[in-house]
Amino acid sequence: MEKSPCSLDVEFADRIAALLAPPSPESKKEYFDDIIRRQNHGIKVKDGKYGKGVYANVDFREEELILKDQMLVASQHISNKVDCLVCSYCFRFIGSVELQIGRKLYLQALGLSVKHECGIETLANDSEDDFQTDSMDVESSNQNHNSEGSSSSSRKENAIPEGVLASLMNRNLILPYSDQFSLPPVFSCNGGCGEEHYCSELCAEADWESFHSLLCTGNKSDPSQREALVKFMEHANKTNDIFILAAKVISSTILRYKRLKESHLRREVQYAAVNGNCASCFSLLLEAWKPVSMGFKKRWWECVALPDDVDLGDEVSFRMEIRDLAHKSLQLLKEAIFVQECAPLFSLDVYGHIIGMFELNNLDLVVASPVEDYFIYIDDLPSSLKTEAERLTRPFLDALGDDYSVCCEGSAFFPLQSCMNHSCCPNAKAFKREEDKDGQATIIALRPIAKGEEVTISYIDEELPYEERQALLVDYGFECRCPRCLEEEGP
Ligand SMILES: C[S@@+](CC[C@H](N)C(=O)[O-])C[C@H]1O[C@@H](n2cnc3c(N)ncnc32)[C@H](O)[C@@H]1O
């Protein structure tokens, strides 16, 4: 492959190598022990046959909760934003069942829908025939969204008048029994972007402190920065929303770095004298980067599996195209939020590794919809109550069509779940229970797991036949040699 088009890759080669070096066993132990201690899990993370793995530190019963994992960074897929209004920090559904239904039908009536093109989902306005998207067939971690929805013609037939939708959204129209499904109120972003919403002031503040203060396009941001950010977001929305996650990783690292630097300055008066000393600043940047350094990662354009419709002979140009796409995105981000002291974070090498981390870990963010629960509840009512309730709710269910139950979906990086290795006969799985209303990952035991045993999950649908499983695992860069695969592989 041609040499990198990013000058920072050369200028900061040593620092980039330090950022991307695998963490030492001591720092891994310290980091994971700390998370496990805080979250009180009966597990430990240690190195094994396939790098890091998660091991049971107690016996688990079948169906017992093994862990709940708080995400390091996550974002809702752009295509899913029409369907679900959720807190941008904890991903709980917010507002009310009426708001969820009214908003979705209103946005659909405006012509906002999901376009599936080239394996990339983008949010589009139906009226824009000349909608541009990247022509590459980039298999990305946002490829499996479940938002096909009902056809627009059937939606039009069942259309609800705009005034009724407005009443639903304002809660002037209350649906029967919706009080059984109350949701937290909506708090808007304090930066005024109108893009992010929260379930509480606490979540709004936490998001601002952790990610959003550098990525907000509201009137609190500098106008030139705002314009650059809007361009970055538009590019990500048109091509691959994994870039937004990568931007969140960079933004959170810069913000952590700034906090570390401030507390150093407060603690050590002499530190002011070495403030210009780049070596000291870099050790703080390494510290700020530590949570990300723990994630398994490779360069995106090198690890992404070759799509079926790309010839082997075109592999090099396919990978170059992906690298160029990432470079374009990085340049736009750099124009918006570049910080000289954190310059190595803006190298293409680091950006490519961050995106590759999401590609290889491919952890889905899923939160079940209260709208689905609501319509199930109505359907389950005793017939004496159901007739009247259905008379009032049926038009909305018909207008929503098949996709009334779409979950909140996105991608996330979970520090512990991302350490779990794959098996086609796993002993655990990610599973949302009735009480899991936010975006945390929940892992439960599929069968009894003894203390000391490795906890494994399946990265793919393990019901598939051997060849299909192996083909899907190419995306993760390994061939599965679990007991089931060894038994099923041909002679
Ligand atoms: C989500 S990470 C799992 C944690 C990883 N072992 C680490 O060191 O951070 C996924 C990567 O782990 C490795 N891996 C996971 N399960 C594996 C398996 N059954 N056989 C071989 N490698 C595996 C592959 O390199 C894969 O891309």
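Up top is the structure.
Now for a look at the structure at hand. (Residues numbered from 1 in each chain as written. Predicted model: local features only at pLDDT ≥ 70, side-chain atom pairs only at ≥ 80, totals over all residues. Heavy atoms only, no water.)

### Some thoughts on the overall build of the protein
We count it as follows: Helix and strand definitions follow DSSP, with helices as H or I runs of at least four residues and strands as E runs of at least two, each counted in order from the N terminus. Only protein chains enter the area calculation, which uses a 1.4 Å probe; residues under 20% of their type maximum are buried, those over 50% are exposed, and those in between are partly exposed. Whether two residues touch is decided by their heavy atoms; if any such pair falls within 4.5 Å, the residues are in contact.
Helix and strand content of the protein: 17 helices and 13 strands. For the protein, buried positions account for 52% of its 491 residues. The contacts in the protein between residues at least 6 apart in sequence include a share of 72% that link residues at least 24 apart.

### Focus: the site of the ligand
For the record, the criterion: For this purpose, a residue is taken to be near a molecule or strand whenever a single non-hydrogen atom of the residue falls within 4 Å of it. Counting of polar contacts relies on pairs of N or O atoms within 3.5 Å, with two restrictions inside protein: one atom must be capable of donating a hydrogen and the other of accepting it, and residues adjacent in sequence are counted only when both atoms are side-chain atoms. The protein chains shown are the only cover counted for residues, whose accessible areas, like all others here, come from Shrake-Rupley with a 1.4 Å probe.
Taken together, 13 residues form the shell around the ligand, and within it Tyr50, Lys52, Asn361, Asn421 and Tyr476 come nearest. Between the ligand and the protein, one listed contact pairs a nitrogen atom with a backbone N or O atom of Tyr50 at 2.6 Å. At a separation of 2.7 Å, an oxygen atom of the ligand approaches a polar backbone atom of Tyr476. For the ligand, the protein covers 91% of the area, taking 560 Å² as the surface of the free molecule.

### Some thoughts on the packing of aromatic side chains
Note the following rule: Whether two aromatic rings pair depends on their centres lying within 6.5 Å, for rings of Phe, Tyr and Trp, where Trp uses its six-membered ring; planes under 30 degrees apart make the pair stacked, over 60 edge-to-face, and the rest tilted.
According to the stated counting rule, one finds twelve aromatic pairs in the structure shown. Between Tyr177 and Tyr377, the ring centres sit 5.9 Å apart and the planes meet at 55 degrees, which makes this aromatic pair tilted. Taken as a pair, Tyr177 in the loop between helix H6 (162-170) and strand E7 (187-188) and Tyr377 in helix H14 (residues 370-379) lie far apart in primary sequence, 200 residues in all. Relative accessible area serves as the criterion here: at 27%, Tyr177 is assigned to the partly exposed category.

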